[in-house]
Amino acid sequence: MTFKTPLLVAMTLLGTTLGAAAAHAQEYSPSAPMVPVPADASAPVAASAPVAVSGIQTIPGMPPVIDPKNIYSETTPSHISPAIAQDPARVYVPNLRGDSVSVIDPASFQVVDTFPVGHSPQHVVPSWDLRTLWVTNNSEGRPDGSLTPINPATAKPGPSIAVDDPYNMYFTPDGRYAITVAEAHKRLDFRDPHTMELKGSVETPECKGVNHADFSIDGKYAIFTCEFGGYVAKVDTVNLKMIGMLKLSKGGMPQDILTAPDGHKFYVADMMADGVFAVDGDSFKETGFIPTGIGTHGLYPSRDGKVMYVANRGSHRIHGPKHGPGGVSIIDFATDKVIKTWMIPGGGSPDMGNVSADGKLLWLSGRFDDVVYAIDTDTGAMRKIPVGAEPHGLTVWPQPGRYSVGHTGILR
């Protein structure tokens, strides 16, 4: 897919105080166009990308890759940034049907606050610089979509910003753009990462239900899932254009996607296939399939980067029943084998979430059961915490890492 006219916009690269990220932050200009919003200035000439000791040449402005065998090497418990170390430990839960966010204190396992946000909040997304948590209120077909910022230092929301259909949100690995995923419009909107001013859009007409994404090790491309078409879409993050579409071999309802520690393989959860596809991102070919459980949905790496937690929602339906046969499968990254499975006692519907900073708890929303699960990553023992109506993409804060590429906290 190509686009007709160049994007003309002056951007200052998002600043950061996060150590290596600050040392390597610089400006760059996309070398090919996307659909533009009018602007009155030209972007600066592209700079050369730094090459880290790992030998990986990233896109300009992206923090260096420290370990080419493990892109999660900087998200271990010892890597909490000083900039966020004093933020209160909280779990932020968007209640899709409650138009609210529940705030859980993980020390007490109690809801300590609930505040209203926009209509149909889907995910709570950490910003690239880790200083804002954005609630994506896509309004599900209504024209009043919005983003609600949360200050993680105070755990309080600010005024919402009107944004068209922000089902989900990501950040280019250089921090230059926020990408709001306009699912209903089959479109990716590239925005200023602070003000959310629209800078341009990439149309994805063949990607029905575009929603989740992750990025290659060098930041040069992202792969998005197409929930209602059974495809995944590859997007060039430098030239800001579609590269291609890949039809998955079976199933037909891809959900979350996660880059493997090597930064080249991608795992795709498919809710109808009841398992996880493996895709080689560079060649853009399907390479394998791992059966997990009914309604495979969310994917999260462990803090040591050795295993992946897979949330199986327990239903093939978008709006499933309570107390279904939901559970969590654990896949060994080294072998691509399921090494254990934890079923939800009494049934449940684990959906989206993340791992605690110390790696000891896996937090997942119970989508159809109006609860949150706190799961011990050693034993599989679970606590259930009642929240609002239909909790969805919760995030755990603070998390270790240098920068966030979005969703419920994909940090690197």
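Quantities reported herein were computed from a predicted structural model and do not represent experimental measurements.

K.L.:
Even after reading the chapter, I still don't get the overall build of the protein, so can you show me in this structure?
P.N.:
Helices and strands together make up the secondary structure of the protein, namely 1 helix and 30 strands. Burial statistics for the protein: of 412 residues in total, 61% are counted as buried.

K.L.:
Can you help me understand the environment of Val-112 in this one?
P.N.:
When you line up the elements, Val-112 lands in strand E4 (residues 110-116). Note: C-alpha distance between Val-112 and Arg-90 (22 residues apart in sequence) is 9.3 Å. When residues no more than four places from it in sequence are discounted, the contact partners of Val-112 are Arg-90, Val-103 and Asp-105.

K.L.:
Hey, could you run me through the nonpolar core in this one?
P.N.:
Across soluble globular proteins, nonpolar side chains show a tendency to be buried alongside one another. Ranked by internal contacts, the top residues of the largest apolar core, which has 48 residues, are Met-169, Tyr-170, Leu-188, Phe-224, Tyr-267, Leu-299 and Met-308. If sequence neighbours within four positions are ignored, Tyr-267 has contacts with Asp-256, Ile-257, Leu-258, Ala-260, Val-276, Phe-277, Ile-290, Leu-299, Met-308, Phe-333 and Asp-336. In terms of nonpolar packing, the next biggest core, distinct from the first, is built from 15 residues, Val-307, Ile-330, Tyr-373 and Ile-375 among them.

K.L.:
What is the right way to read the sheet that holds strand E25 (residues 337-343) from this model?
P.N.:
Hydrogen bonds between backbone groups are what pair the strands of a sheet, and the pairing can be parallel or antiparallel. Strand order in this open sheet of 4 strands is E22-E23-E24-E25, and the pairing throughout is antiparallel. A single partner strand is all that each edge strand has here, and the edge strands are strand E22 (296-301) and E25. Strand-to-strand, the axes of this sheet are offset by a mean angle of 25°, without reference to chain direction.

K.L.:
I keep staring at the packing of aromatic side chains and nothing clicks. Help me out?
P.N.:
In this description, a pair of aromatic rings is defined by centroid distance and the angle of the planes. The full count for this structure, using the stated rule, is 8 aromatic pairs. Ring centres 6.1 Å apart and planes at 80° place the aromatic pair Tyr-170 and Phe-224 in the edge-to-face group. In this pair, Tyr-170 sits in strand E10 (residues 168-171) while Phe-224 sits in strand E15 (residues 221-226), placing the two residues 54 residues apart along the sequence. Judged on exposure class, the residue Tyr-170 and its partner Phe-224 are both buried. On the numbers, 5.7 Å between centres and 45° between planes, the contact of Tyr-267 with Phe-333 is tilted. On the criterion of sequence distance, the pair formed by Tyr-267 in strand E19 (residues 265-270) and Phe-333 in the loop between strand E24 (327-332) and E25 is long-range, its members being 66 residues apart. Its relative accessible area of 1% is what places Tyr-267 among the buried residues. Sitting over the face of the ring of Tyr-221, Lys-234 holds its NZ or CZ atom 4.3 Å from the ring centroid. Over the ring of Phe-109 we find Arg-383; its NZ or CZ atom is 4.0 Å from the centre of that ring.

K.L.:
So what exactly am I meant to see when it comes to the environment of Val-405 here?
P.N.:
Structurally, Val-405 can be placed in the segment after strand E30 (395-397). What makes Val-405 buried here is its relative accessible area of 0%. As a C-alpha pair, Val-405 and Met-169 span 236 residues in sequence and 8.7 Å in three-dimensional space. Excluding anything up to four places from it in sequence, Val-405 contacts Tyr-170, Phe-171, Pro-173, Asp-214, Phe-215 and Ile-410.

K.L.:
Can you walk me through the sheet that holds strand E20 (residues 275-280) in this structure?
P.N.:
The 4 strands are arranged E18-E19-E20-E21 in an open sheet whose pairing can be described as antiparallel. At either end of the open sheet lies a strand with only one pairing partner, and these are strand E18 (254-259) and strand E21 (285-291). Neighbour to neighbour, the strand axes of the sheet diverge by 25° on average, direction disregarded. With 6 bridges joining them, E19 and E20 adopt antiparallel strand pairing. Looking at E20, one finds that Ala-269 is bridged to Val-276.

K.L.:
Teacher, can you tell me more about the state of the cysteines here?
P.N.:
Working definition of a disulfide: a covalent bond connecting the sulfur atoms of two cysteines. Per the stated rule, a full pass over the model turns up 1 disulfide. Here Cys-207 is linked by a disulfide to Cys-226, with a sulfur-sulfur distance of 2.0 Å. With the S-S bond torsion at -105°, the cross-link from Cys-207 to Cys-226 turns out left-handed. On the criterion of sequence distance, the pair formed by Cys-207 in the loop between strand E13 (198-203) and strand E14 (210-215) and Cys-226 in strand E15 is long-range, its members being 19 residues apart. You'll find Cys-207 and Cys-226 in the same group, each marked buried.

K.L.:
Got a minute to help me understand the pairing of strand E5 (residues 121-126) in this structure?
P.N.:
Side chains on a regular strand alternate between the two faces of the sheet. The element E5 is extensively covered by neighbouring structure, given that 6 of its 6 residues are classed as buried. Here 5 bridges tie E5 to strand E6 (residues 133-137), and the two strands are oriented antiparallel to one another. If you follow His-123 over to E6, its bridge partner there is Thr-136. Taking the residues between adjacent antiparallel strands as the criterion, E5 and E6 are bridged by 6 residues, where Leu-130 takes a positive phi near 70°.

K.L.:
Help me understand the pattern of salt bridges, please; the structure alone is not making it clear to me.
P.N.:
Taken as a whole and assessed by the stated rule, the structure comprises 17 salt bridges. For Asp-189, the salt bridge goes to Arg-187, with nearest N and O atoms at 2.6 Å. Using a relative accessible area of 0% as the deciding quantity, one classes Asp-189 as buried. You can call Arg-187 buried: its relative accessible area is 15%. Within this structure, Arg-97, Glu-140, Arg-313, Asp-351, Arg-367 and Glu-390 form a network of salt bridges that share partners.

K.L.:
Would you explain the side chain of Asp-236 in this entry?
P.N.:
With respect to the secondary-structure elements, Asp-236 resides in strand E16 (residues 231-236). Notably, Asp-236 is buried but unbridged: the nearest opposite-charge side chain belongs to Lys-241, and the N-O separation is 5.3 Å. Looking at Asp-236, its side chain comes within polar contact range of the main-chain nitrogen of Val-238, at 2.8 Å.

Procedures and definitions
Residues numbered from 1 in each chain as written. Predicted model: local features only at pLDDT ≥ 70, side-chain atom pairs only at ≥ 80, totals over all residues. Heavy atoms only, no water. Helix = DSSP H or I, 4+ residues; strand = E, 2+ residues; numbered from the N terminus. Buried < 20%, exposed > 50% of the residue type's maximum accessible area, 1.4 Å probe, protein only. Contact = heavy atoms within 4.5 Å. Core = buried A, V, L, I, M, F, W, Y, C linked by side-chain atoms within 4.5 Å. Pairing = 2+ DSSP bridges. Axes fitted to C-alpha atoms, helices over the stretch in contact; angles between N-to-C directions. Phe/Tyr/Trp six-rings, centres within 6.5 Å; stacked < 30°, edge-to-face > 60°. Lys NZ or Arg CZ within 6 Å of the ring centre and 35° of its normal. Disulfide = S-S within 2.5 Å. Salt bridge = Lys/Arg side-chain N within 4 Å of Asp/Glu carboxyl O. Lys, Arg positive; Asp, Glu negative; His and termini not counted. Polar contact = N/O pair within 3.5 Å; in protein donor to acceptor, adjacent residues only side chain to side chain.

It is worth stressing that arrangement in space is one thing and function is another; only the former is reported here.
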